[in-house]
Amino acid sequence: MTDTAHFDNPPTTHPLVVRGDLGTPPGRWLWLVKWVLAIPHYIVLFFLWIAFLVVTVIAFFAILFTGRYPRSLFDFAVGVLRWNWRVSFYSYGVLGTDRYPPFTLGDVPDYPAGLQLSYPETLSRGLVLVKWWLLAIPHYLVLAAFSGGAYFAVRSTQYDDRPDAIGVIGALLLIVGFGLLFTGRYLPGVFDFVMGIQRWVLRVGCYTALLTDVYPPFRLDQGGSEPSTPPPAPRGPDFVAASQEAQPATGPEPGRETFG
């Protein structure tokens, strides 16, 4: 299940890359029945998440004793996250596309939603004991404020994609749905905001699921693609002066006379 595909995105500062392309706006009415259309995925994901939890427990002890997440288990766990993200993007996590999600753990580069996570060669044995509950508490509180306590308690790592959301995202997507129904357009700005929240949730989910030691940033990275790496630091006056000194002097060369 090892995945070597790459997204056409600039490099990011976080190992998790979450992509969502709005492209052609979804249809006016299909969002009303997506809960029915997605039922086959919900059934499969139910069993996949059970396996995901088992894999996480095994990985917990593997990291505790060896400092490594077994690669085959890592690929499976990322595949579950990837599958769930596509279903969430299609259904009531984003309502970002009408293209039906594929039934696969692997990456599908031409699908409007994608997820990629860099494999960590080593993981901290000590952090594995506390990061999934203690260290993540600040993020739980912030995301609960964004999404609503009941919503986040159920889907803190996207385990459940049923349309039972309470809070900001649920309200926004309800507005999006009615906007599609009456105007055929996805409300400007809402997509970027929802993507920012979902990206934050997925980063926290990967951290608490022991898939990375990179602490999630307290940052709402909005938009369909990951933010690029920060630009290089401004160059100070010393660098500018040195650059000017290194430039060749203009004018006639020494020892050469000029004639008018």
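The model shown is predicted, which means the values in this text are computed figures rather than measured ones. (Residues numbered from 1 in each chain as written. Predicted model: local features only at pLDDT ≥ 70, side-chain atom pairs only at ≥ 80, totals over all residues. Heavy atoms only, no water.)

**Q** Explain the overall build of the protein chain to me, and be specific about the residues and the numbers.
**A** A tally of helices and strands in the protein chain yields eight helices and two strands. Looking at the protein chain as a whole, 44% of its 260 residues qualify as buried. Sequence-distant contacts, at least 24 apart, represent 75% of the contacts inside the protein chain between residues at least 6 apart. (Helix = DSSP H or I, 4+ residues; strand = E, 2+ residues; numbered from the N terminus. Buried < 20%, exposed > 50% of the residue type's maximum accessible area, 1.4 Å probe, protein only. Contact = heavy atoms within 4.5 Å.)

**Q** Provide a residue-level description of the pairing of strand β1 (residues 16–20), including the pertinent values.
**A** In regular strands, side chains alternate between the two faces of the sheet. Counting buried positions over the five residues of β1 gives five, a clear majority of the element. With burial as the criterion, each face of β1 is covered, one bearing Leu16, Val18 and Gly20 and the other bearing Val17 and Arg19. Where β1 and strand β2 (residues 113–117) come together, five bridges link them in antiparallel fashion. Along β2, the bridge assignment pairs Val17 with Gln116. (Pairing = 2+ DSSP bridges.)

**Q** Give a description of the nonpolar core that names residues and reports values.
**A** In terms of nonpolar packing, the biggest core is built from 57 residues, with Tyr69, Trp85, Val94, Leu115 and Leu211 touching the most fellow members. Contributions of two or more residues to this core are made by β1, α2 (39–66), α3 (71–90), β2, α6 (168–183) and α7 (190–208). Sorting elements by how many residues they give to this core places α3 first, with eleven residues. (Core = buried A, V, L, I, M, F, W, Y, C linked by side-chain atoms within 4.5 Å.)

**Q** An account of the pairing of β2 is needed here, citing residue identities and associated values.
**A** In terms of burial, β2 is largely enclosed, as five of its five residues are buried. By the alternation rule, side chains of β2 split into Ala113, Leu115 and Leu117 and Gly114 and Gln116, which are all buried.

**Q** So, the packing of α3 against α7: which residues are in play, and what are the values?
**A** Across the interface, α3 lies against α7 with an axial gap of 13 Å and an inter-helix angle of 160 degrees. Looking at the two axes, α3 sits roughly antiparallel to α7. For the crossing formed where α3 meets α7, the hand is right-handed. Every residue of α7 that contacts α3 at Leu81, Trp85, Ser88 and Phe89 is listed here: Phe191, Met195, Gln198, Leu202 and Cys206. Class assignment for the residues of the contact of α3 with α7 results in seven nonpolar, two polar and no charged. (Axes fitted to C-alpha atoms, helices over the stretch in contact; angles between N-to-C directions. Parallel < 35°, antiparallel > 145°, perpendicular 65-115°, else oblique. Left-handed = near helix turned anticlockwise from the far one by under 90°. Nonpolar A, V, L, I, M, F, W, Y, C, P; charged D, E, K, R; others polar.)

**Q** Describe the packing of α6 against α7, with residues and values.
**A** Look at α6 against α7: their axes get within 11 Å of each other, and the N-to-C directions meet at 150 degrees. Classified by the angle between their axes, α6 and α7 sit roughly antiparallel to one another. Here α6 and α7 pass one another in a crossing that is left-handed. Packed against α6, whose contacting residues are Val168, Ile169, Leu172, Leu173 and Val176, the element α7 presents Val190, Phe193, Val194, Ile197 and Gln198 at the interface. Split into classes, the residues belonging to the contact of α6 with α7 amount to nine nonpolar, one polar and no charged.

**Q** An account of the packing of aromatic side chains is needed here, citing residue identities and associated values.
**A** Scanning the entire structure with this criterion turns up 16 aromatic pairs. Ring plane angle 90 degrees and centroid distance 5.9 Å describe the contact between Trp83 and Phe103, whose orientation is recorded as edge-to-face. One end of the pair, Trp83, is in helix α3; the other, Phe103, is in the loop between α3 and β2, with 20 residues separating them in the sequence. Looking at Phe103, the relative accessible area reads 45%, which means it is partly exposed. Consider the rings of Tyr207 and Tyr215, whose centres lie 5.2 Å apart with planes at 85 degrees: the pair is edge-to-face. Here the aromatic residues Trp83, Tyr90, Tyr100 and Phe103 are joined through ring pairs into a cluster of three or more. A cation over a ring is seen here: Lys34 above Tyr90, with NZ or CZ 4.5 Å from the ring centre. Its guanidinium or amino end placed over the ring of Tyr207, Lys131 lies 5.4 Å from that ring's centre, counting from NZ or CZ. (Phe/Tyr/Trp six-rings, centres within 6.5 Å; stacked < 30°, edge-to-face > 60°. Lys NZ or Arg CZ within 6 Å of the ring centre and 35° of its normal.)

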